[in-house]
Amino acid sequence: MRLIADGATPTSRLVLVLVEELETDAGYAFELTRPLFLSVGDRVSFEGGRLVVVRARGERLLPAGAWSTRCRIRASRRG
């Protein structure tokens, strides 16, 4: 499942989402040291290069992890 940072977890039922890494559109990924369960209403954001999870009940988590670079092949336009 792909999650968008700075948004609410995209589930509408009482479901948990297991996250091991979060990838950005810029080709970077934040790889968590330990998997994390997100539940409905949790918010995910990056603050100062750190992952921050704010639980629906207001608790703030700062899960440990590290950034890595993902290679992406871009389609070139010829014309």
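The preceding data block contains the structure.
These figures come from a predicted structure and were not determined experimentally.

Caption draft 1: How the structure looks around the pairing of strand 5 (residues 50–54). Sheet topology note: the strand 4 (residues 43–47)/strand 5 ladder contains 5 bridges and is antiparallel. Paired with V44 across the bridge in strand 5 is V53. Counting the residues in the hairpin turn of strand 4 and strand 5 gives 2 residues, including G48, whose phi is positive at 60 degrees. Relative to strand 6 (residues 60–61), strand 5 is paired through 2 bridges, and the arrangement is antiparallel. Bridge pairing in strand 6 links V53 to L61. Remark: 5 residues form the turn of the hairpin made by strand 5 and strand 6, two consecutive strands paired antiparallel; G58 in that turn has positive phi of roughly 105 degrees.

Caption draft 2: Local environment of the environment of A29. Residue position: A29 is located in strand 3 (residues 28–38). What makes A29 buried here is its relative accessible area of 0%. Filtering out sequence-adjacent residues up to four positions away, A29 remains in contact with L22, E23, A66, W67, S68 and R70.

Caption draft 3: Examining the nonpolar core more closely. Core analysis: the largest hydrophobic core is formed by 10 residues, namely V17, V19, L22, F30, L32, L36, L38, V44, L51 and V53. Per element, the largest residue contribution to this core is 4 residues, and it comes from strand 3.

Caption draft 4: The arrangement of the environment of L36 in detail. Here L36 lies in strand 3. A residue is classified by how much of its surface remains accessible, and L36, at 13% relative accessible area, is buried. As for L36 and P63, which are separated by 27 residues in sequence, their C-alpha atoms are 8.0 Å apart.

Procedures and definitions
Residues numbered from 1 in each chain as written. Predicted model: local features only at pLDDT ≥ 70, side-chain atom pairs only at ≥ 80, totals over all residues. Heavy atoms only, no water. Pairing = 2+ DSSP bridges. Helix = DSSP H or I, 4+ residues; strand = E, 2+ residues; numbered from the N terminus. Buried < 20%, exposed > 50% of the residue type's maximum accessible area, 1.4 Å probe, protein only. Contact = heavy atoms within 4.5 Å. Core = buried A, V, L, I, M, F, W, Y, C linked by side-chain atoms within 4.5 Å.

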